[in-house]
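# Breakdown of the fold
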Protein chains: 2
Amino acid sequence: MDDPVLLTGAGGRVGQAILDGIGEEYDWRLLDREPISAAKVPDRVTDADQYVADITDERAVREAVTGVNAVVHLAGDPRKTAPWDSVLRNNIDGTQVVMRAAAEAGVEKFAFASSNHAVGGYETDDRTPDLYRPDDDYRLDGEELPRPGNLYGVSKATGEFLGRYYHDETGMSVVCVRIGNLTKDHPPREYERGQAMWLSHGDCAHLFDRCLLAEYGFEIVYGISDNDRKYYSIDRAREVLGYDPQDNSANYTFEGDPIAEGPPTDEP
Amino acid sequence: MDDPVLLTGAGGRVGQAILDGIGEEYDWRLLDREPISAAKVPDRVTDADQYVADITDERAVREAVTGVNAVVHLAGDPRKTAPWDSVLRNNIDGTQVVMRAAAEAGVEKFAFASSNHAVGGYETDDRTPDLYRPDDDYRLDGEELPRPGNLYGVSKATGEFLGRYYHDETGMSVVCVRIGNLTKDHPPREYERGQAMWLSHGDCAHLFDRCLLAEYGFEIVYGISDNDRKYYSIDRAREVLGYDPQDNSANYTFEGDPIAEGPPTDEP
């Protein structure tokens, strides 16, 4: 891919997982509200390709999307406990600014970091903790209505339907990835929910790589590894995006140590 | 019902349809951004029960919901062409303010005026105009994902999932009514889409009456009359709310004149 790819929120955890995995594969433009420390920037990204701007700054965002082929939009308040005023501004208004600018600039593919919290309300008292266990058949597949577990989740659901709107309006391909629990090296310890929705760094980078390479219209997919404990289906991500996850939280003991099969795939 | 019912946006078109029909049935508190002319206020509503406030004014909204049993929330920018900044503030932020205040005040029932525009994107070129015709079987039933036709529709979808969240969090009953095309006296003329989603004033008042009387948890229903031309199902509204619409746009000639069976039911 010759045209640049804009990565918003590049200095955050998901951004770093992506850059660790596929930082050398694309001509990235990195945007973040704060300058990103040089150690976290891929070698091939020049200073001219780094934008320090708030995503609610329409002019800065328009400049950043000009000439890019694709956008991976991660920027926003990442806290599940974020207060309304923050998610209203950073996640809802910010996503609208980025999506509109991308659509108007003729961007072909737009990957939006949605969240498991957009559907956290399905984890009802009568379903948990069974839901988090390998022998439970309950699955969310992305066709279900949003059911946010918090106001952060409301903001992510709104981003998804902004994406639906801009796809319908302009034909821009939009994929919303409901990211699970991203942790480095190993799944969360003693946290069944986190193990059920674990997304390894390696699988995260691979999944967004597929979002940049595959052909699709509008999609909502779950971003988790191929965990035995899962209640999110990854069938759609496999079918449409060609997602082929390599990790599984069951390959780690409850103490969080890698078992004999080998180290986590996101380690060198 | 003895406890008051708060009606936001009381001076607007939907508010007036409701008050025309059931203005004498409840102890209303009326809230609007502008003073409502006396002729549009039911006789039994005193000056003390009229609030002039913007719904983004948290303090004013908290005062207005104190002691009410139910809220009918209509206030917002009603224009399908409303720009983002307006729907962000008036429809998204405003609805969050009203819903949160209601949930915190222990309101039992909350009826939210959503819109057909939350799903306007389903009216694709290959489905229309067949969709609007009596012999077409395509139906939306409220289980489908939002597919907004404009940014106003995005804001209405967001209100629905704010309602889902507050219902899950607090147990407040929330019903989202995707209002069709509300016109007085007769359906829109020479406008198939409007005839398909016509909601008469009489059926509108009756539907919101049912929202105040029925028992439910969280619901998304379509607010249209029992039109022969329909692509919104009203089954859920019938089953859960006991909605029993009396009007049908097919009972009017294309010229908009009542046919021999009688005058529109919302006329005296």
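Thresholds applied
Residues numbered from 1 in each chain as written. Chains lettered and ligands numbered in written order. Predicted model: local features only at pLDDT ≥ 70, side-chain atom pairs only at ≥ 80, totals over all residues. Heavy atoms only, no water. Helix = DSSP H or I, 4+ residues; strand = E, 2+ residues; numbered from the N terminus. Rg over C-alpha atoms; globule rule 2.2 N^0.38 Å. Buried < 20%, exposed > 50% of the residue type's maximum accessible area, 1.4 Å probe, protein only. Contact = heavy atoms within 4.5 Å. Lys, Arg positive; Asp, Glu negative; His and termini not counted. Charge placed at Lys NZ, Arg CZ, Asp CG, Glu CD. Least-squares fit on C-alpha atoms with pLDDT ≥ 70 in both. UniProt positions renumbered as here; feature names shortened; annotations may be inferred. Buried area = accessible area lost by both parts, 1.4 Å probe. Pairing = 2+ DSSP bridges. Axes fitted to C-alpha atoms, helices over the stretch in contact; angles between N-to-C directions. Phe/Tyr/Trp six-rings, centres within 6.5 Å; stacked < 30°, edge-to-face > 60°. Lys NZ or Arg CZ within 6 Å of the ring centre and 35° of its normal. Salt bridge = Lys/Arg side-chain N within 4 Å of Asp/Glu carboxyl O. Core = buried A, V, L, I, M, F, W, Y, C linked by side-chain atoms within 4.5 Å.

Each helix and strand in chain A was counted, giving seven helices and nine strands. Computed over C-alpha atoms, the radius of gyration of chain A comes to 18 Å, within 12% of the 18 Å expected from 2.2 N^0.38 for 268 residues, which places it in the range of a compact globule. Reported as C-alpha extents along the three principal axes, the dimensions of chain A are approximately 50 × 40 × 35 Å. Taken over 268 residues, chain A has a buried fraction of 62%. Within chain A, residue pairs in contact and separated by at least 24 positions form 67% of the contacts whose partners lie at least 6 positions apart. Where the 27 positive side-chain charges of chain A centre and where its 51 negative ones centre are 4 Å apart.

Our focus in this paragraph is the relation of the copies chain B and chain A. The transform that puts chain B on chain A rotates by 180° and translates by 0.0 Å along the axis, for an RMSD of 0.0 Å. Taken together, the rotation angle and the small translation identify this as a two-fold axis. Both copies present the same face, since 100% of the interface residues in chain B are matched by interface residues at the equivalent positions in chain A.

Our next topic: the UniProt feature "active site" (unreviewed entry) in chain A. All names here are of chain A. Using the residue numbers shown here, the UniProt feature "active site" (unreviewed entry) corresponds to Tyr152. Relative to the elements of secondary structure, Tyr152 occurs in helix α4 (residues 151-170). Excluding its chain neighbours within four sequence positions, the residues that come into contact with Tyr152 are Asp77, Pro78, Arg79, Lys80, Val87, Asn91, Ser115 and His117.

The interface is formed by 27 residues belonging to chain B together with 27 residues belonging to chain A. Here chain B meets chain A over a buried area of about 2200 Å², counting both sides, of which 69% is carbon and sulfur. Among the elements of the structure, α3 (84-104) and α4 (151-170) of chain B are those that each provide at least two residues to the side of chain B that touches chain A. For the side of chain B that touches chain A, the element with the most residues is α4 of chain B, which contributes ten residues.

Right, let's get into unusual backbone geometry. A cis amide bond links Thr128 of chain A with the next residue in sequence, Pro129 of chain A, at an omega value of 0°. When you line up the elements, Pro129 of chain A lands in the loop between β5 (109-115) and α4. Not every positive phi belongs to a glycine, and Asp185 of chain B is a case in point at roughly 70°.

Residues and elements named next belong to chain A. Strand order in this open sheet of seven strands is β3-β2-β1-β4-β5-β6-β9, and the pairing throughout is parallel. Bordering the open sheet on either side are β3 (50-52) and β9 (218-223), each of which pairs with just one other strand. The sheet shows a mean angle of 15° between the axes of neighbouring strands, direction not considered. Of the pairings in the sheet, the one linking strand β2 (residues 28-32) to β3 comprises three bridges and is parallel in character. Looking at the pairing, Leu31 lines up with Tyr51 of β3. Most of the contacts of helix α2 (residues 58-65) go to β2, to which it runs at about 165°, and overall it touches β1 (5-8), β2, β3 and β4 (70-73). Sitting on the sheet, α4 is in contact with β5, β6 (173-179) and β9, with an inclination near 160° to β5.

This part covers the packing of aromatic side chains. In this structure the tally under the stated criterion is 13 aromatic pairs over all chains. Centroid distance Phe161 of chain A to Phe161 of chain B: 6.3 Å. Interplanar angle 25°. Geometry classified as stacked. Here Phe161 of chain A, found in helix α4, pairs with Phe161 of chain B, found in helix α4, and the two come from separate chains. Arranged with centres 5.4 Å apart and planes meeting at 65°, the rings of Tyr26 of chain B and Trp28 of chain B form a pair that is edge-to-face. For Tyr26 of chain B, a relative accessible area of 3% corresponds to the buried category. For Trp28 of chain B, a relative accessible area of 2% gives the class buried. Joined through ring pairs, the aromatic side chains of Tyr132, Tyr222, Tyr231 and Tyr232 of chain A make up one cluster. Lying across the ring of Tyr122 of chain A, Arg147 of chain A places its NZ or CZ 5.4 Å from the centre.

The next thing to look at is the pattern of salt bridges. Applying the stated criterion across every chain yields a total of 36 salt bridges over all chains. Of the charged contacts, one joins Arg44 of chain B and Asp27 of chain B as a salt bridge, the two residues approaching to 2.5 Å between their closest N and O atoms. Remark: Asp27 of chain B occurs in the loop between α1 (13-22) and β2 (28-32) and Arg44 of chain B occurs in the loop between β2 and β3 (50-52); sequence separation between them is 17 residues. Residue Glu160 of chain B is joined to Arg178 of chain B by a salt bridge in which the shortest nitrogen-to-oxygen separation is 2.8 Å. Of the two residues, Glu160 of chain B is situated in helix α4 and Arg178 of chain B in strand β6 (residues 173-179); the sequence distance between them amounts to 18 residues. Classification of Glu160 of chain B as buried rests on a relative accessible area of 0%. By sharing partners, the salt bridges in this structure join Arg33, Asp54 and Arg89 of chain A into a single network.

Turning our attention to the sheet that holds β3 of chain B. All names here are of chain B. Here we have seven strands laid out as an open sheet, ordered β3-β2-β1-β4-β5-β6-β9, and parallel in their pairing. Every interior strand has two partners, whereas the edge strands, β3 and β9 (218-223), have only one. Taken over all neighbouring pairs, the strand axes of this sheet differ in orientation by 15° on average, direction set aside. Two strands pair when backbone bridges link them, and strand β4 (residues 70-73) and strand β5 (residues 109-115) are joined in this way by four bridges, in the parallel orientation. Each residue of the ladder has a partner; that of Val71, found in β5, is Phe110. Taken strand by strand, α3 contacts β1 (5-8), β4 and β5, and its axis lies near 165° from that of β5. Here α4 sits on the sheet in contact with β5, β6 and β9, set at roughly 160° to β5.

Now for α1 of chain B. The α-helix winds at 3.6 residues per turn, so residues separated by three or four positions along the chain end up facing the same way. All names here are of chain B. Judged by how many residues are buried, α1 sits mostly within the fold: seven of ten residues are covered. Among the residues of α1, Val14, Gly15, Gln16, Ala17, Ile18, Leu19 and Ile22 are the ones counted as buried. Against β1, β2, β4, β6, β7 (181-183) and α6 (201-213) lie the buried residues of α1.

A separate point is the side chain of Arg178 of chain A. Given the relative accessible area of 0%, Arg178 of chain A is considered buried. Contacts of Arg178 of chain A, omitting those with residues within four sequence positions, involve Ser114, Ser115, Asn116, Ala118, Val119, Gly142, Glu144, Glu160, Ile220, Val221, Tyr222 and Gly223 of chain A.

Turning our attention to the nonpolar core. Counting 174 residues, the largest nonpolar core has Trp28 and Phe208 of chain A together with Trp28 and Phe208 of chain B as its most contacted members. Setting aside anything within four residues of it in sequence, one finds Phe208 of chain A in contact with Val14, Ile18, Ile22, Val72, Leu74, Ala111, Val177 and Ile179 of chain A.

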